[in-house]
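Chain by chain, the residues:
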Amino acid sequence: MFGRLERELSRRAPDPTTVARVGLGLTILLAGVHKLFAPDAWAAYVVDWLAPWLVVSPDAFMLANGVLEVGFGLAILRDRYAAFAAAVVAISLTATVAYLAFAALTVDAPFVDVLVRDVGLTALAWAVLFESVSEREGRSGPSSERPRRDDSEEQREVEQRRDRPR
């Protein structure tokens, strides 16, 4: 039962790199939109020792980030300038993870849940960047190096399993 489902999913599944790019693009776009509508919710992540270092208020900082994130999210979604946008997002998220880790060590461990999530999101951003760069260079990543199995190969495999002694 699961073998058939697995084969069908394998045959119909979208390209994993496209899924990763769209997932990252949507996440960044939605985070940016939310920052535009609720900057105060995001300003809560600015700890007391960081606020004096900002040139503007935490709310204004989040509004500016929101505008940038909407643009970068759209660029990643459209797959236009995806390598540049993914690079900016990957670097920004890496800095965010470093900041959240430092804040967790210095201020009673706030935002650890966000830190954990952002580690995964950062890895996704780097993966999208690496894939975008390899596509621009005319190389394809590991996912496209795997040959797609055709139906006759799948059918042979099913027949071999059926004919095995039990």
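Please read these numbers as outputs of a predicted model, since none were measured by experiment. (Residues numbered from 1 in each chain as written. Predicted model: local features only at pLDDT ≥ 70, side-chain atom pairs only at ≥ 80, totals over all residues. Heavy atoms only, no water.)

### A closer look at the overall build of the protein chain
In step 1: Check the secondary structure of the protein chain and you find eight helices and zero strands.
In step 2: Taken from the N to the C terminus, the helices and strands of the protein chain come in the order α-α-α-α-α-α-α-α.
In step 3: Pairs at least 24 apart in sequence give 67% of the contacts found in the protein chain among residues at least 6 apart.
In step 4: Approximately 11200 Å² of the protein chain is accessible, and the part contributed by carbon and sulfur atoms is 63%. (Helix = DSSP H or I, 4+ residues; strand = E, 2+ residues; numbered from the N terminus. Contact = heavy atoms within 4.5 Å. Areas by Shrake-Rupley, 256 points an atom, 1.4 Å probe, with all protein chains shown as cover.)

### Remarks on the environment of Val 70
In step 1: Within the secondary structure, Val 70 is located in helix 4 (residues 58–78).
In step 2: Taking the C-alpha atoms as reference points, Val 70 and Val 33, separated by 37 residues in sequence, lie 6.4 Å from one another.
In step 3: If sequence neighbours within four positions are ignored, Val 70 has contacts with Leu 29, Gly 32, Val 33 and Leu 36.

### Notes on unusual backbone geometry
In step 1: Unusually for a residue other than glycine, Asp 79 sits at a positive phi of about 60°.
In step 2: With respect to the element layout, Asp 79 can be found in the loop between helix 4 and helix 5 (82–106).
In step 3: For Tyr 81, which is not glycine, the phi torsion reads 60° and is therefore positive.
In step 4: Look at Tyr 81 and you get exposed, because its relative accessible area is 57%. (Buried < 20%, exposed > 50% of the residue type's maximum accessible area, 1.4 Å probe, protein only.)

### Section: a nonpolar patch on the surface
In step 1: On the surface, Val 33, Leu 36, Phe 37, Leu 63 and Val 67 cluster together into a nonpolar patch covering about 460 Å² of accessible area.
In step 2: The biggest single contributor to the nonpolar patch is helix 2 (residues 16–37), with three residues.
In step 3: Summarising the element assignment, Leu 36 is placed in helix 2.
In step 4: On the basis of relative accessible area, Leu 36 is assigned to the partly exposed category, the value being 36%. (Patch = residues over 30% accessible without salt bridge, like charges linked within 9 Å, V, L, I, M, F, W, Y side chains within 5 Å. Salt bridge = Lys/Arg side-chain N within 4 Å of Asp/Glu carboxyl O.)

### Some words on the nonpolar core
In step 1: Within the largest apolar cluster, 14 residues are counted, with the highest numbers of intra-cluster contacts made by Leu 24, Ile 76, Ala 85, Val 89, Leu 93 and Ala 125.
In step 2: Ranked by the residues each element gives to this core, the list is headed by helix 5, at five residues.
In step 3: When neighbours within four sequence positions are excluded, Ala 125 is seen to be in contact with Leu 24, Ala 86, Val 89, Ala 90 and Leu 93.
In step 4: Listed in part, the eight residues of the second largest apolar core include Val 47, Tyr 99, Leu 100 and Ala 103. (Core = buried A, V, L, I, M, F, W, Y, C linked by side-chain atoms within 4.5 Å.)

### Considerations on the packing of aromatic side chains
In step 1: Enumeration according to the criterion identifies six aromatic pairs in this entry.
In step 2: Through a chain of ring-to-ring contacts, three or more aromatic side chains come together here, namely Trp 42, Tyr 45 and Phe 111. (Phe/Tyr/Trp six-rings, centres within 6.5 Å; stacked < 30°, edge-to-face > 60°.)

### Some points on the packing of helix 4 against helix 5
In step 1: Look at helix 4 against helix 5: their axes get within 8 Å of each other, and the N-to-C directions meet at 135°. If you check the angle between helix 4 and helix 5, you find them oblique. Helix 4 and helix 5 meet at a crossing whose hand is left-handed. Across the interface between the two elements, Phe 72, Ala 75 and Ile 76 of helix 4 pack against Ala 82, Phe 84, Ala 85, Ala 86, Val 88 and Val 89 of helix 5. (Axes fitted to C-alpha atoms, helices over the stretch in contact; angles between N-to-C directions. Parallel < 35°, antiparallel > 145°, perpendicular 65-115°, else oblique. Left-handed = near helix turned anticlockwise from the far one by under 90°.)

### Thoughts on the side chain of Thr 122
In step 1: Locating Thr 122 in the fold gives a position in helix 6 (residues 112–136).
In step 2: On the basis of relative accessibility, which here comes to 9%, the residue Thr 122 falls in the buried class.
In step 3: A distance of 2.6 Å separates a polar atom in the side chain of Thr 122 from the backbone oxygen of Asp 118.
In step 4: Ignoring sequence-local partners within four residues, the contact set of Thr 122 consists of Ala 90, Leu 93, Thr 94 and Val 97. (Polar contact = N/O pair within 3.5 Å; in protein donor to acceptor, adjacent residues only side chain to side chain.)

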